[in-house]
Amino acid sequence: MSASATVLAYRGEPKDTAEHFHGNHLLYLGWDRHLMFCAPVCVPLPPDTPFSVLTEQVLPAAYAQHPDFARIDWNRVEWLLDGQPFTPDPARTLAEQGIGHKSLLRLRTPGLDGLGGSAS
Amino acid sequence: MSTPTSAPKKLGLREKYARMTRDLAWEPSYQPKDKIYPQAGLEGIKIEDWDRWEDPFRLTMDAYWKYQAEKERKLYAIIDAFAQNNAQLNVTDARYVNALKLFLTGVTPLEYAAHRGFAMVGRAFPGAGAQVACQMQSIDELRHVQTQIHTISHYNKYFSGFEEWRHMHDRVWYLSVPKSFFDDAMSAGPFEFITAISFSFEYVLTNLLFMPFMSGAAYNGDMATVTFGFSAQSDEARHMTLGLEVIKFMLEQHPDNLPIVQRWIDKWFWRGYRLLTLVAMMMDYMLPKRVMSWQEAWEMYFEQNGGALFADLARYGIRMPRHWEVSVKEKDRLSHEAWATFYNYGHAAAFHTWMPDESEMAWLAEKYPASFDARYRPRYEHWIAEERAGRRFYNPTLPMLCQVCQIPMVFTEPDDPTTTCYRESHYHGEHYHFCSDGCKDIFDAEPEKYVQSWLPVHQIYQGHCGGGSVPEVLRWYRLEAGRDNLDYLSSPDRQNWQRWKGEAAAG
Amino acid sequence: MSNNRVYIALQNNEDARPIIEAIEADNPHATVTHFPAMVKIDADGRIEVRRASVEALIGRAWDPQEIHLSLVSISGNVDETDEAFILERHN
């Protein structure tokens with residue numbers, strides 16, 4: 001047996017759909033094996049932002065305090081978009097390459113394993 | 001002369017309980033019961049006979065008032081003496097008071113929510129035994145709020161971070177974790193509410209909050225907190241018994257109730273366990289003198305005592321809550337991941353954070369031999385060096401939150417403590433992100449509820465929190481920048497403490 | 001071996017001390033652990049707090065419900081009567 005029809009028919013209003021963010025989309029960014037930043041971060045960006053803005057402005061603002069950040073070889077970064085391997089085009093916009101509202105973009109920096117190799 | 005032999009005999013406990021509880025109820029005559037108790041059938045729980053409800057404590061209202069009045073007399077005598085004697089100066093160190101700030105801003109509003117919640121479910125249940133037990137608990141919870149506000153009132157005269165506790169509860173990002181936990185329970189039906197709060201939270205989990213932590217308060221010289229804590233906890237034993245009785249009653253009443261109850265136990269174990277993340281950090285990092293580690297407490301109170309409880313419930317077909325194994329895998333990392341989180345976002349918290357000193361790091365390494373030196377010490381040593389170089393680390397970007405527990409996504413893979421645990425669901429074309437399989441399961445079972453989560457970071461970006469910059473948000477929180485937040489080292493609390501204790505200011 | 005552990009935790013104060021002593025005397029299988037401000041008593045299967053034993057120590061009538069004034073926490077199934085306060089597990 002399950003709950004009554006009243007309960008099963010209940011519908012909620014999603015609170016975080018894209019139209020609530022004044023033209024921005026939310027993007028989540030996580031840098032693997034750098035847990036000095038305790039959690040992935042959340043930034044609002046217009047969907048027509050070129051990908052290069054991420055590497056030139058957004059990621060440095062978020063992560064430049066880490067000593068590994070300056071050592072990143074951007075040609076060797078491995079990207080995961082919503083769990084799938086991903087090759088970004090720096091000139092195209094986020095929306096043009098499938099980076100949508102509440103997408104998760106992870107970067108892996110082979111050879112850089114955090115403070116003293118501790119994944120911090 | 002003969003002595004009268006018919007003097008009224010004193011009622012035995014069972015008989016008195018029956019007369020003073022069940023016999024006060026009546027059968028309605030001009031309204032059907034399902035109209036009087038419309039919520040009782042909404043969740044699919046089938047109750048054949050409310051008279052089978054057994055209240056093991058058999059506490060009647062007259063005895064209740066007598067014992068509660070005695071508890072109150074004792075408690076207020078101690079709180080009064082504490083205030084009169086300036087006993088706040090006897091705590092081990094002003095850093096300790098930050099654990100109290102977190103406890104009192106996080107838990108006190110929940111006591112009030114519990115007062116409301118038990119009044120609601122006491123009205124919703126059709127059985128007299130359950131009604132009386134819920135009514136007593138509702139009154140208990142109101143008493144707990146009051147005793148805690150008295151303690152807030154005293155500490156607020158000397159330390160920062162207390163004064164806007166009520167305003168902050170509805171706004172501050174980390175207080176959204178306890179608030180949403182209780183709102184989740186209150187917006188469920190009466191049987192789920194009581195399973196969530198009385199059984200999963202009070203019976204299975206609150207021992208970890210009240211026992212090692214209150215014992216820790218005693219160890220750190222905080223008599224006021226020990227007093228309200230243990231006075232509240234003495235009611236808690238009755239509440240826990242109510243929680244166990246509710247579970248047994250539902251399972252004995254109808255076999256169809258088992259899958260519903262098991263799902264609630266799974267859900268509310270995980271919700272409660274995630275909430276206790278804050279307690280793990282309080283025990284391992286915020287008590288200058290420590291009683292036991294989080295890992296030891298989890299072994300004692302959950303693995304051993306919780307294990308006995310679930311072995312006992314196996315006769316009803318109940319098994320251990322889903323994902324309990326994950327809680328065991330996380331026991332040597334939970335407190336460190338939590339403390340690092342508040343160190344990251346200490347500029348947006350209404351209490352102070354700091355790095356453990358060398359003796360504290362040695363304690364942590366001894367208690368967590370498999371994890372501390374390898375994973376957390378390097379991070380702390382880096383932060384200490386940065387702080388000494390004038391670059392105290394704060395995370396400049398708002399964190400990604402879990403859709404269900406609302407905690408930043410700080411937890412790591414159950415089998416790999418060096419990798420963030422990411423889980424995701426798609427629902428009606430939207431992405432939803434979770435910190436764990438436990439939180440994902442909860443969302444997937446009731447997505448229409450959790451698509452409505454009030455996630456503090458998203459609310460800031462929607463423009464609902466006073467503005468887009470950290471100073472604007474702090475003003476909206478009524479958190480005074482430079483006084484209530486930032487590192488303990490630079491805090492007015494520390495300066496005052498050194499002045500009061502006649503300690504030389506270091507550096 | 002199945003785990004059927006029960007426990008009772010009491011405040012470490014003057015009112016609770018005779019209750020703790022009575023428990024120790026009546027439950028020789030129990031283990032008593034002292035923590036700051038509280039005492040935790042663990043036992044396999046069963047713990048009994050007997051009215052008569054507490055009364056013999058304090059020299060006055062004692063209602064087992066007075067235990068509510070000193071209780072910190074419990075684990076186990078409760079049975080409360082005029083004669084005793086009992087915690088037990090049958091598994």
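Scroll up to find the structure this text is about.
What comes next concerns the included structure.

Conventions and cut-offs
- Residue indices follow the written sequence of each chain, beginning from 1 at its first position.
- Note on labels: chains are lettered from A, ligands numbered from 1, in written order.
- Reporting in this predicted model follows two pLDDT cut-offs: at least 70 for local features of residues, and 80 or more for side-chain atom pairs to be given and counted; totals over whole chains, interfaces and linings ignore these cut-offs and use all residues.
- As a rule here, side-chain values come from all non-hydrogen atoms in the structure, and water together with hydrogens is ignored.
- Two strands pair under a simple rule: DSSP has to find at least two bridges between them.
- To qualify as a helix, a DSSP run of H or I must reach at least 4 residues; to qualify as a strand, a run of E must reach at least 2; elements of each kind are numbered from the N terminus.
- All axes here are fitted lines through C-alpha atoms, helices being fitted over the stretch that makes contact, and every angle between N-to-C directions spans 0 to 180 degrees.
- Contacts are residue-level and defined by heavy atoms, with any inter-residue pair within 4.5 Å sufficient.
- Exposure categories follow from relative accessible area, calculated using a 1.4 Å probe and restricted to protein chains: below 20% of the type maximum is buried, above 50% is exposed, and the middle band is partly exposed.
- Whenever a carboxyl oxygen of Asp or Glu lies within 4 Å of a side-chain nitrogen of Lys or Arg, that contact is scored as a salt bridge.
- When two parts are brought into contact, each loses some accessible area as probed by a 1.4 Å sphere; the total of that loss over both is the buried area.
- Definition of a polar contact: a pair of N or O atoms within 3.5 Å, with one able to donate and the other able to accept a hydrogen when the atoms are protein atoms, and with sequence-neighbouring residues admitted only if both atoms are side-chain atoms.
- Two cysteine sulfurs form a disulfide in these notes if their separation is within 2.5 Å.
- Ring pairs shown here join Phe, Tyr and Trp side chains whose ring centres sit within 6.5 Å, with only the six-membered ring taken for Trp; geometry is labelled stacked below 30 degrees between planes, edge-to-face above 60, and tilted in between.
- For a lysine, the NZ atom is tested; for an arginine, the CZ atom; a charge sits over a ring if that atom is within 6 Å of the ring centre and within 35 degrees of the ring normal.

Side note on the sheet that holds strand S1 (residues 25-31) of chain A
All names here are of chain A. Read from one edge to the other, the open sheet built from five strands follows the order S2-S1-S5-S3-S4, with strand pairing classed as mixed. A single partner strand is all that each edge strand has here, and the edge strands are strand S2 (41-45) and strand S4 (84-86). Going from strand to strand, the sheet's axes swing by 30 degrees on average, the running direction of each strand aside. Bridging between strand S3 (residues 78-81) and S4 involves three bridges; their strand directions are antiparallel. Paired with leucine 80 across the bridge in S4 is proline 85. The strands that helix H2 (residues 51-63) touches are S1, S2, S3, S4 and strand S5 (103-108); relative to S1, the one it contacts most, it runs at about 65 degrees.

Description of unusual backbone geometry
Residues and elements named next belong to chain A. Positive phi, normally seen in glycine, also occurs at lysine 102, with a value near 65 degrees. Positionally, lysine 102 belongs in the loop between S4 and S5. The class for lysine 102 is buried, based on a relative accessible area of 1%. The phi torsion at alanine 119 lies on the positive side, around 65 degrees, for a residue other than glycine.

Some details on the pattern of salt bridges
Residue and element names in this part refer to chain B. A complete count under the given rule lists 65 salt bridges over all chains for this structure. Across the pair aspartate 93 and arginine 95 runs a salt bridge, and its minimum N-O distance is 2.7 Å. When sorted by exposure, aspartate 93 lands in the same class as arginine 95, which is buried. What emerges from the salt-bridge pattern is a single network uniting Asp184, Glu192, Arg263, Lys267, Arg271, Glu446 and Lys449.

With respect to the interface of chain A and chain B
The interface is formed by 46 residues belonging to chain A together with 52 residues belonging to chain B. Each partner contributes to the roughly 4000 Å² buried at the junction of chain A and chain B, and carbon and sulfur atoms together form 57% of this total. Along the contact surface separating chain A from chain B lie one salt bridge. Taking the shortest distance from any N to any O, the salt bridge between glutamate 448 of chain B and arginine 11 of chain A comes out at 4.0 Å. In this assembly, chain A and chain B are joined by 20 residue pairs in polar contact (both at pLDDT 80 or more).

Points about the state of the cysteines
Where two cysteines share a covalent bond between their sulfur atoms, that bond is called a disulfide. Overall, the coordinates contain zero disulfides over all chains when judged by the stated rule. Cysteine 42 of chain A takes part in no disulfide bond, and the closest cysteine sulfur, belonging to cysteine 465 of chain B, lies 12 Å away. Classification of cysteine 42 of chain A by relative accessible area gives buried; the value is 0%.

Here's the deal with the packing of aromatic side chains
The geometry of two aromatic rings is summed up by the distance between their centres and the angle between their planes. All names here are of chain B. Summed over the entire model, instances satisfying the criterion amount to 58 aromatic pairs over all chains. When the centroid spacing of 5.1 Å and the interplanar angle of 45 degrees are considered together, the rings of phenylalanine 434 and phenylalanine 443 count as tilted. Summarising the burial analysis for this pair, phenylalanine 434 and phenylalanine 443 share the class buried. In this structure, arginine 274 is placed above the aromatic ring of phenylalanine 411, and the distance from its NZ or CZ to the ring centre is 3.5 Å.

Side note on the pairing of S5 of chain A
Residues and elements named next belong to chain A. By the criterion of burial, S5 is predominantly enclosed, with five of the six residues buried. Pairing analysis gives four bridges linking S3 to S5, with the strands arranged antiparallel. Within the sheet, the bridge partner assigned to glutamate 78 lies in S5 and is arginine 108.

Structural notes on the interface of chain C and chain B
With 34 residues of chain C in contact, the opposing surface of chain B contributes 41 residues. For chain C, the biggest contributors to the area lost against chain B are Gln65, His68 and Leu69 of chain C; these three give 19% of the whole. Applying the counting criterion to the chain C and chain B interface returns four salt bridges. Across the pair arginine 89 of chain C and aspartate 312 of chain B runs a salt bridge, and its minimum N-O distance is 3.0 Å. Counting across the chain C and chain B interface gives 16 residue pairs in polar contact (both at pLDDT 80 or more). Taken together, the elements giving at least two residues each to the side of chain C that touches chain B come down to strand S1 (5-11), strand S3 (38-44), strand S5 (71-75) and strand S6 (77-80) of chain C. Considering every element that reaches the side of chain C that touches chain B, the biggest residue donor is S5 of chain C, with five residues.

Describing helix H14 (residues 334-344) of chain B
Residues and elements named next belong to chain B. Counting buried positions along H14 gives 11 out of 11 residues, so the element sits mostly inside the fold. Among the residues of H14, Leu334, Ser335, His336, Glu337, Ala338, Trp339, Ala340, Thr341, Phe342, Tyr343 and Asn344 are the ones counted as buried. Summarising the contacts, the buried residues of H14 are in contact with helix H10 (257-275), helix H11 (277-286), helix H12 (294-313), helix H15 (358-367), helix H16 (372-388) and strand S1 (412-413).

Some words on the pairing of S1 of chain C
Residue and element names in this part refer to chain C. In terms of burial, S1 is a largely internal element, six of the seven residues being buried. In terms of strand pairing, S1 meets S5 through four bridges, oriented antiparallel. From the neighbouring strand, alanine 9 faces S5, where its bridge partner is serine 73.

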